[in-house]
Structure formats: structure tokens, C-alpha cells
Amino acid sequence: EAQVTQNPRYLITVTGKKLTVTCSQNMNHEYMSWYRQDPGLGLRQIYYSMNVEVTDKGDVPEGYKVSRKEKRNFPLILESPSPNQTSLYFCASDSTSGGRREQFFGPGTRLTVL
Amino acid sequence: AQSVTQLGSHVSVSEGALVLLRCNYSSSVPPYLFWYVQYPNQGLQLLLKYTSAATLVKGINGFEAEFKKSETSFHLTKPSAHMSDAAEYFCAVTGANNLFFGTGTRLTVIP
């Protein structure tokens, strides 16, 4: 089954404790992206990657890091989480390098930073 | 710069009534436009997309949307609402390398 998987689905952590949210897709897509969803703000892009070793900032990259060492994986790293990073996070992938065809979304990761 | 505006953060309709969710876009280039649906505790699922072919686009679950360049609109409609349509709906427009999403419209269907 074609899918985007994220782990963990739920995470409660404390300020300053480094964490990683994994994202993996099995569709051989070139493009991958991370979004955060906050009430009243919709989805905002954090980072995206157009291919292996090619990443770039989205609209809200502060406080986040990403890497793309393999085509299928695109982890999101919070080096020192803060409460304002409490949010619902989605990973997405697309077969086109620019993300213009159809983005497939993972199930989401709900993060709470205390 | 690209952006979308969704009018109405909450819309309520009776079961069997017309569903109309509004989206206006701003784009400096010919846009690709999308509607996504998010059911509770799930990720986003593509409903339909406009990619400069037919201006009336049909999607899944009986939804359709019409691209109107003169009005910069891409409103989503469904002739008859079903209880299973209750969800949050997002309009999106393509940027250079990403999607810009609206703030979403939560649809409630009243029995």
C-alpha cells in the first residue's frame, strides 16, 4: 500500500530535550515536506526537500532541522524544543520535484512541549 | 506571492442541502489549485485539483469545484450534504516549490 508513515503519532516532551520525528514514504517520491498545523492558521510549511541531499526552508523553519540522506526518509529534528512548537505535524511527499502534482500526507504527529 | 483565503472558518448545513465552501486565491503565475479534506484524527486527503485543463473539476465523494479566473475563485460545492462529509476542508495554491494552504473551513452537517 502506498503510504507516508510518521512516528511517533503522539509525543509529550519537555523544553530543551532533543527529539526526532521520523517520516518515510514508499512511493519513490522525489519531493518531501514538513508542515505544522495550528488552529486558525491552517498548514504552514517548515522545510521541504526536492531530492536526496537537497533541502530548503519553508515559511516557518526556525527551531527545526531536517535531513534527506535517503530518498524515502525525511526526519524532522527539534534540537531544543520550546512550548511554541506544540503543534500537529504532517509529513507529505509528491512525485514531482516541485510538489505540484499531488501531495500525499502522513497521519500526523501531535507534539506537546511542556 | 501566492496565497489563498477561505471565507468562513465554520459552515453548517443540513443533511441533503447544498454545500458551498469558498476559496479565493492570489497568484502571480497561472495557479494550480487544490482542495484537501481532513477527517478527525487523520491526515489530509486530496479531494480534487485544478491544473489548467477543464475549469470545472470533479473530485471524490461527489464534490466539484469551478476555477473562475475573473473572480480569482475556486469554490468547492456538493449538491447534497451527507453526514460523512463532516470534516475540515483546506484550499491550497502552488508556490514555486510548495503549497500555500488556507486556514481551513470546518463543515458541520446537521441531521
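Our structure is the block above this text.
Below or above, wherever it landed, is the structure these notes cover. (Residues numbered from 1 in each chain as written. Chains lettered and ligands numbered in written order. Predicted model: local features only at pLDDT ≥ 70, side-chain atom pairs only at ≥ 80, totals over all residues. Heavy atoms only, no water.)

1. Quick look at the packing of aromatic side chains
One pair of aromatic rings is described through two measures. These are the centre distance and the angle between the planes.
Move 1: Within the structure shown, the criterion is met by 14 aromatic pairs over all chains.
Move 2: Ring centres 4.1 Å apart and planes at 15° place the aromatic pair Y50 of chain B and F67 of chain B in the stacked group. With Y50 of chain B in strand β5 (residues 44-50) and F67 of chain B in strand β7 (residues 64-68), the pair connects residues that are 17 residues apart, well separated along the chain. An identical accessibility class is assigned to Y50 of chain B and F67 of chain B; each is buried.
Move 3: A connected cluster of aromatic rings, assembled from ring pairs, spans Y35, F90 and F105 of chain A together with F34, Y36, F90 and F101 of chain B. (Phe/Tyr/Trp six-rings, centres within 6.5 Å; stacked < 30°, edge-to-face > 60°. Helix = DSSP H or I, 4+ residues; strand = E, 2+ residues; numbered from the N terminus. Buried < 20%, exposed > 50% of the residue type's maximum accessible area, 1.4 Å probe, protein only.)

2. Topic: the layout of surface pockets
Move 1: There is about 520 Å³ of room inside the largest pocket.
Move 2: As for the largest pocket, its lining consists of 26 residues, of which Q37 and L88 of chain A together with Q38, E88 and R106 of chain B are closest to the centre.
Move 3: Listed by contribution, the elements that provide at least two residues to the lining of the largest pocket are β4 (31-38) and β9 (87-94) of chain A together with β9 (87-94) of chain B.
Move 4: Grouping the constituent residues of the lining of the largest pocket by class yields nine nonpolar, 12 polar and five charged.
Move 5: Approximately 320 Å³ is the volume attributed to the second largest pocket.
Move 6: In terms of lining residues, the second largest pocket is bounded by 18 residues, among which A2, F104 and F105 of chain A together with L44 and Q45 of chain B are the most central.
Move 7: Looking at the lining of the second largest pocket, the elements that each hand over two or more residues are β10 (104-105) of chain A together with β5 of chain B.
Move 8: The biggest single contributor to the lining of the second largest pocket is β5 of chain B, with three residues.
Move 9: Here the residues of the lining of the second largest pocket are counted per class, giving 10 nonpolar, six polar and two charged. (1 Å grid on protein atoms, 1.4 Å probe; cavity = no way out; pocket = protein on both sides within 12 Å on 5 of 7 lines; lining within 4 Å. Points joined across faces, edges and corners; volume = space filled by probe spheres on them. Nonpolar A, V, L, I, M, F, W, Y, C, P; charged D, E, K, R; others polar.)

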